[in-house]
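In case you want the letters, here they are:
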Amino acid sequence: MVRVIWLLVLSSVHVCLVQCGFRNSSAPFLMEEEDALLTVPQLIRKNGFSVEEHRVRTEDGYLLTMFRIPPRKPGLRKHPVFMMHSLFSSSADWVLIGRKHGLAYLLANRGYDVWMGNARGSRYSKRHERYSVNSSQFWDFSFHEIGFYDVPAFVDYVLANTGSHRLHYVGFSQGALTGFIALSDRYGMNDKIIELQALSPAVYMHRSLSGFIKLLVSVVRPLTDALEFIQRYEFLPYIEGQYNFYQAVCPAPAQTICRTLIYDVVGMNPDQLDVKTLRIFLGHFPAGSSLKQVKHYSQIIRDGIFRQFEYGDLAINLNRYGSPQVPRYNLSRATVPVRTYYGYNDHVVNYLNVLQLQQELPNLVGSYPVPDKLFSHIDFILANNVKQVLYDEVVRNVEKADAEAF
Ligand SMILES: *[C@@H]1O[C@H](CO)[C@@H](O)[C@H](O)[C@H]1NC(C)=O
Ligand SMILES: *[C@@H]1O[C@H](CO)[C@@H](O)[C@H](O)[C@H]1NC(C)=O
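Structural notes, computed from the coordinates. (Residues numbered from 1 in each chain as written. Chains lettered and ligands numbered in written order. Predicted model: local features only at pLDDT ≥ 70, side-chain atom pairs only at ≥ 80, totals over all residues. Heavy atoms only, no water.)

## Quick word on the overall build of the protein chain
- Each helix and strand in the protein chain was counted, giving 14 helices and 11 strands.
- In terms of overall size, the protein chain behaves like a compact globule, its C-alpha atoms giving a radius of gyration of 20 Å where 406 residues would be expected to give roughly 22 Å.
- With the C-alpha coordinates aligned to their principal axes, the bounding extent of the protein chain is approximately 55 × 55 × 40 Å.
- Within the protein chain, buried positions represent 60% of all 406 residues. (Helix = DSSP H or I, 4+ residues; strand = E, 2+ residues; numbered from the N terminus. Rg over C-alpha atoms; globule rule 2.2 N^0.38 Å. Buried < 20%, exposed > 50% of the residue type's maximum accessible area, 1.4 Å probe, protein only.)

## Focus: the packing of aromatic side chains
- Applying the stated rule across the entire model yields 24 aromatic pairs.
- Measuring from ring centre to ring centre gives 4.7 Å for phenylalanine 143 and tyrosine 297, while their planes differ by 55 degrees; the resulting arrangement is tilted. In this pair, phenylalanine 143 is assigned in helix α4 (residues 143–162) and tyrosine 297 in helix α10 (residues 291–303), connecting sequence segments 154 residues apart. Accessibility assignment for this pair places phenylalanine 143 and tyrosine 297 in one class, buried. (Phe/Tyr/Trp six-rings, centres within 6.5 Å; stacked < 30°, edge-to-face > 60°.)

## Describing the packing of α4 against α10
- One way to put it is that α4 packs onto α10 with a least axis distance of 8 Å and a crossing angle of 105 degrees. Relative to α10, the element α4 is oriented roughly perpendicular. Where α4 abuts α10, its residues Phe143, His144 and Ile146 lie against Gln293, His296, Tyr297 and Ile300.
- Taken together, the residues of the contact of α4 with α10 sort by class into 4 nonpolar, 3 polar and no charged. (Axes fitted to C-alpha atoms, helices over the stretch in contact; angles between N-to-C directions. Parallel < 35°, antiparallel > 145°, perpendicular 65-115°, else oblique. Contact = heavy atoms within 4.5 Å. Nonpolar A, V, L, I, M, F, W, Y, C, P; charged D, E, K, R; others polar.)

## Some words on the packing of helix α6 (residues 211–229) against α10
- Close contact between α6 and α10 brings their axes to 10 Å; oriented N to C, the two are set at 145 degrees. The way α6 lies across α10 gives a crossing that is left-handed. Contact residues: α6 offers Ile213, Val217, Val220, Thr224, Leu227 and Glu228, while α10 offers Leu291, Val294, Lys295, Ser298, Ile301 and Arg302.
- Among the residues forming the contact of α6 with α10, the class breakdown is 7 nonpolar, 2 polar and 3 charged. (Left-handed = near helix turned anticlockwise from the far one by under 90°.)

## Here we look at the pairing of strand β11 (residues 364–369)
- Across 5 bridges, the pairing between strand β10 (residues 338–342) and β11 is parallel. Considered in β11, the bridge of tyrosine 342 is made with proline 369.
- This β-α-β element, β10 to helix α12 (residues 351–360) to β11, shows right-handed connectivity. (Pairing = 2+ DSSP bridges. Right-handed = clockwise from strand over helix to strand, strands pointing away.)

## Some points on a nonpolar patch on the surface
- On the surface, a nonpolar cluster with roughly 290 Å² of combined accessible area is contributed by Leu215, Leu216, Val219 and Leu223.
- With respect to the helices, strands and loops of the structure, valine 219 is situated in helix α6.
- Assessed through its relative accessible area of 34%, valine 219 is described here as partly exposed. (Patch = residues over 30% accessible without salt bridge, like charges linked within 9 Å, V, L, I, M, F, W, Y side chains within 5 Å. Areas by Shrake-Rupley, 256 points an atom, 1.4 Å probe, with all protein chains shown as cover. Salt bridge = Lys/Arg side-chain N within 4 Å of Asp/Glu carboxyl O.)

## Considering the nonpolar core
- Of all hydrophobic cores here, the largest spans 115 residues; its most connected members are Phe180, Leu199 and Leu390.
- With 8 residues, α4 is the single largest residue contributor to this core.
- With residues near it in sequence (within four places) discarded, leucine 199 still touches Trp94, Leu103, Val170, Gly171, Phe172, Ser173, Ala176, Tyr341, Phe380, Leu390, Tyr391 and Val394. (Core = buried A, V, L, I, M, F, W, Y, C linked by side-chain atoms within 4.5 Å.)

## Observations concerning the site of ligand 2
- Taken together, Asn330, Ser332 and Arg333 make up the full set of residues near ligand 2.
- Serine 332 is positioned with one of its side-chain polar atoms (N or O) 3.3 Å from an oxygen atom of ligand 2.
- Surface burial for ligand 2 is 26%, taken as the share of its 360 Å² of free accessible area covered by protein chains. (Near = heavy atom within 4 Å. Polar contact = N/O pair within 3.5 Å; in protein donor to acceptor, adjacent residues only side chain to side chain.)

## Things to note about the environment of isoleucine 381
- Structurally, isoleucine 381 can be placed in helix α13 (residues 379–382).
- Assessed through its relative accessible area of 4%, isoleucine 381 is described here as buried.
- When the C-alpha positions of isoleucine 381 and isoleucine 97 are compared, they lie 8.0 Å apart, and in sequence the two are 284 residues distant.

Here it is in structure tokens:
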């Protein structure tokens, strides 16, 4: 029963994404409808690359999955690249749009050893050595724990398995945020990362332009209370067959509402977001997250302060943090070189919030506004022109940093 209600809730949010009147322009991507139903390793193999699957244990007992595209020309001396995906998503972010455009493939073609993390709670990382995925304990984490435990575990694993002393970090949205948390809060992380490529870093978000996000933030308390009451601690899980489900139930009359909703949330760039690309993406998104992640985001959006989870109870804060004050992340400790990339039409991470973040970074070496003025949040992974206007620049910067790192 709960499952049925959950599917209906999910579908009412996502349903119309399927056919919401986005232009049926022909996307340049090598993508097929069946890609919606493949796993990330299957996608990588289908695109002609070899892939390895690695199990990584965190200090607090989560068993995570990392996918690797091993270097094609092992002779090349290059540092490995670690990539971290966005909220509600998975490593599909980097490989979905095919071998000619996907960022993981572009880096692999340049001879890099590419490692893609999957955050705890997402489709590929739903195991813990003690807690069942059905327990409240399993889901007692926000993006703080992803940055504090998952990222260092992934980074250490890559270094141990490649013999390299340092690696490149590429993160999109939450994937960039978790990099900043690891760099600010974990001793020694700054020595392990060559440069952080921060794509639309979701650190400050209080200038989000989305009315829907603002609405969610205002109702997050009753919403999460209700879900916890029925013991749902997971938010927007990946459900087997979600793609077929969306296909089957999408009602035509709702299309206008849905188009309005998506454009509101991510920003409107109809020429670059193809309906087929979006449909296939929905076979991979959402991939799951915790309710606590959503609550933590709503605090950041509401307060405009980059800090740990606010329990809203002095005693709990005191117990957790040793002080009634919720600790802030100290970005001045993130001393590795950082490059930011942002879109002027990104409704989730407003570019003004990226500029604010830049003020606090002690070692900002690049700041790249995507030249397409209409570039939106979802365009960072799905835009028809993403390679030309963004990924080519990211690859150039990784190459430059790599050459200087020897
Ligand atoms: C979690 O619960 C679902 C049904 O609610 C069940 O099918 C599944 O096996 C459970 N998983 C674990 C690891 O207990
Ligand atoms: C942040 O870290 C820097 C460098 O370690 C330190 O000098 C500064 O006092 C810290 N700021 C706060 C507010 O803790």
